[in-house]
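Summary of the model geometry
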Amino acid sequence: MNASASGAASTPSAGQGAASAKQGRFSIVGLLLEHSTFVVFILMLIVAMMLSDRFYSVTNLTNILRQSVPLGVVSLGLLFVILTGGIDLSVGSLMALVSVTVALVMPGYGLWGAILAGLVAGTLCGVISGTLVAYFRIAPFIATLAIMTVARGVALVASKGQPAFIDNVAFNDFGVNSLAGLPLTLYVLIACFAIALFIYKKTVFGRLVISIGSNEIATRFAGIRVERYKFAVYAISGFACAVAGIVASTRTGVGSPILAIGFELDAIAAVVVGGASLSGGRGKVFNTIIGALILSVISNIMNLMNIPGYHQQIVKGVIIILAVMLESLKLRYASRS
Amino acid sequence: MTNYAIEIRGVEKNFGGIRALSNFNLKVEKGTVHAICGENGAGKSTLMKILSGIYIKDGGTVVVHGEEVNFTNPQQSRARGIGIVHQELALSPDLSVAENIFLDDLGQGGQTVNWKEINDKAGRLLTSFGFPIDPKKRVGDLSVAYQQMVEITKSLAKDVSILILDEPTAVLAGPEIEILFSNLRMLKAKGVTILYISHRLEEIFRIADAITVVKDGVTVTDLDPKTCTEKDVVTAMVGRELKSLYPPKDTKLGDVHFEIRHLTRRGVLDDINLTVRKGEIVGLAGLVGSGRTEIAECIFGIASYQKGEILKAGQPVRVSHPADAVRQGIGLVPEDRKRQGAVLAMGIDENMTMSKLSGVSKLGVIRHGQETSLAASLKDKLRIKLGRLTDPVSSLSGGNQQKVVLAKWLNVGCDFLVFDEPTRGVDVGAKSEIYNIIHGLAEEGCALLVISSELVELIGLCHRVYVMSEGHVTGELSGDQLTEPAIMSLAIPKRMAS
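Here the structure is a predicted model, which means the values were calculated and not measured.

The next subject is helix α15 (residues 428–443) of chain B. Residues and elements named next belong to chain B. Compared with the 22 Å implied by 1.5 Å per residue over 16 residues, the 23 Å span of α15 between its first and last C-alpha is a close match. The element α15 is largely enclosed, with a buried count of 13 among its 16 residues. After α15 finishes, the residue G445 shows a positive phi value of roughly 100°.

We now examine the packing of aromatic side chains. Under the criterion given, the structure shown has ten aromatic pairs over all chains. Measuring from centroid to centroid gives 6.1 Å for Y135(A) and F231(A), while their planes differ by 55°, and the two rings are tilted. You can see Y135(A) sitting in the loop between α5 (91–134) and α6 (140–158) and its partner F231(A) sitting in helix α11 (residues 226–252), a full 96 residues away along the chain. On the accessibility criterion, Y135(A) (45% relative accessible area) is partly exposed. For F231(A), a relative accessible area of 23% gives the class partly exposed. Taken together, a centroid distance of 6.3 Å and an interplanar angle of 65° make the contact between F181(B) and Y196(B) edge-to-face. Of this pair, F181(B) sits in helix α6 (residues 174–189) while Y196(B) is found in strand β8 (residues 193–197), placing the two residues 15 residues apart along the sequence. Y196(B) shares its class with F181(B); the two are buried.

Residue and element names in this part refer to chain B. Considered domain by domain, chain B is made up of domain 1 (4–238) and domain 2 (256–497). Just the C-alpha atoms count here: the centres of domain 1 and domain 2 sit 30 Å apart. At the interface, 18 residues of domain 1 touch 17 residues of domain 2. Taken together, the connections running from domain 1 to domain 2 amount to zero salt bridges. Counting across the domain 1 and domain 2 interface gives zero residue pairs in polar contact (both at pLDDT 80 or more). Secondary-structure elements contributing two or more residues to the side of domain 1 that touches domain 2 are α6 and α8 (230–238). A per-element tally of the side of domain 1 that touches domain 2 places α6 first, with three residues.

What follows deals with the sheet that holds strand β13 (residues 281–286) of chain B. All names here are of chain B. Spatially, β16-β19-β20-β13-β21-β22 is the arrangement adopted by the six strands of the open sheet, whose pairing is mixed. The strands lining the two open edges of the sheet, one partner per strand, are β16 (330–333) and β22 (472–478). Ignoring which end each strand starts from, the neighbouring axes of this sheet average 20° apart. Here β16 runs beside strand β19 (residues 416–420); their pairing, made up of four bridges, is parallel. Bridge pairing links I330 to F416 in β19.

About the thresholds
- Residues numbered from 1 in each chain as written.
- Chains lettered and ligands numbered in written order.
- Predicted model: local features only at pLDDT ≥ 70, side-chain atom pairs only at ≥ 80, totals over all residues.
- Heavy atoms only, no water.
- Helix = DSSP H or I, 4+ residues; strand = E, 2+ residues; numbered from the N terminus.
- Expected span 1.5 Å × (residues − 1).
- Buried < 20%, exposed > 50% of the residue type's maximum accessible area, 1.4 Å probe, protein only.
- Phe/Tyr/Trp six-rings, centres within 6.5 Å; stacked < 30°, edge-to-face > 60°.
- Domains from an automatic or database assignment.
- Contact = heavy atoms within 4.5 Å.
- Salt bridge = Lys/Arg side-chain N within 4 Å of Asp/Glu carboxyl O.
- Polar contact = N/O pair within 3.5 Å; in protein donor to acceptor, adjacent residues only side chain to side chain.
- Pairing = 2+ DSSP bridges.
- Axes fitted to C-alpha atoms, helices over the stretch in contact; angles between N-to-C directions.

Rendered as structure tokens:
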């Protein structure tokens, strides 16, 4: 402890008081709330076992992992947008646009040309959203809503409204083959997770993204060009959508203009279930992946139980509400101590 | 029947393992202005929150107007006639003044709003308190000082018998403080009891009938302002004698390091000229709205200006974004610490290094070890009292938060710094530390510009003071000319004075 010119050195100050109060709060409830996303996930796995004996088959678990890849990748990209306090509604449409791009470019330019074109298409859309939000100061909701419509429209026009078949064995095999017992596509998610975690934890970029979401004015007053970072998160989200769109196409073998309709809501739900705040500044990479897995597991359980798709939507909605309520409960618990 | 409005006996409040209040005692006589003094973290705000029903006490008794009360929510406190004006204003910026004043009863009992009635009523209230505010104006368009007047009016619109004011003058300047005081005297005459919480001792001596000093959650002493001196209060607050709040003005002055020429910002600033030399602490005085903060905004690239130039070390600098300013070695300790100064939810270390992350990173990757040791050395240098460096800035007291903002600029190595109300909401002890830091910067050869509404502060700290009024620099004072009356006569707009 420091000597203090104020003469109050012999007694704890307000700052220390608050800090040690934080340390003193070490109860079971606090611990469970702190890791609520993970706790919910574990509970869900236990419930799944009771609801269906087919859940814990290797085939089914592999299936869940495979299905969760596009959602996981998109959610990770979206997390950075949400951390700044923004939102990206265009993610589903971008996936569709990318899948159509891949299918249309493949015949002329080959596998790698198609993949490159897909990545460029997705990132470019993100760049446009980012420009609109950061430099033209259009509200993220509106800017990405517009891009969502435009991208879907372009995908429909380019494909003439028809799914375009992708005739490439290597490409289609990627979506179904496994390596070391795990689906190949899962490695894509693992790689994205590692990159996102690195950016979030270790880089100047990650630090400033969180700072902008916590207090954009103070961050700007610290001499940070916040516009650049706000721009960049949409480009990242666009890139993530491109990766997810390509992965999704490897599974279906088609470039579909109606791919991933309504996917933005699943992605937002995954990020929010993972404990992120839509007002920015709060959210974690690991929890976002868990959030995506939770949503995938819910769908899977209901499929196993033969619950029809329409009913599934209702259950999903309720679960999102519960997740957000849990989050606010957590905040209230934290602020009370 | 007792003649105490509030009696507090042996009240306890703990947070985790920390005692915010222990065996706290206070007696407030009806119809008096009772001042509560204490450093930040002494327990003043905990006490207030217990009285207003935001916190529930852990033990002891609170008696209001002779009846024991156990508030569990703010509604119960309000029902007992306790009104509170917080330091942080709780207004809706997009609503009008009148709407804010009557927010909890816009319909005045009915379900539809009679706008004429509401506006007239608000207008009458504002006039009766001497606040020159148009009730139809959007609150967000008012300056902080005027917003506070609205907040006070809002509180007084209710039937309050006990009014708690938390640092009410922190955002007010000269004449506004006079208005506030005359209102408080009027309310007192009407039998309202006022609990007045403030750091500013001169004010307390002017307005208070009784003083209670709080330190570390216990009542240290009750003093009578008629018989005690400011020194007695300070001694009781900090637990020892504080020699002088201000460091000596002994720094060596160098060449002119920073200069503003003919700066004009339409409708706000008109042909501003000022210079600051190396090692010099220059003050900027003026009433709220006179253009002081607006100059800072131009210097720091937050607002643009139409004419004029800014020179640093003789070279013109073009600043159109705070990032440009920081690159030129210009820093700003802004007026509103919580909104502009620090990212409260982020770590102390993270805030300290934010403006120069290049110093603790390589190829965009943060070196956490380097960051921690840098933050630790800044903490030691500025004597910041904290738990852990990774704790959020919000866990700190006002004074220590401000030191974190200062640490951020020390880390950048700015040689020209603007301080906008550097000691607002900061207790006496931390104040003197901040003055010493400013003095230390001057000794290192920095040029410094200090904006303040506290005249004593400007007189005590600055070599030279520019006085502003309605967007003009109306005078420049130094040495023996630097007195409160001299500043005030330059600060008050001509047409108001005549």
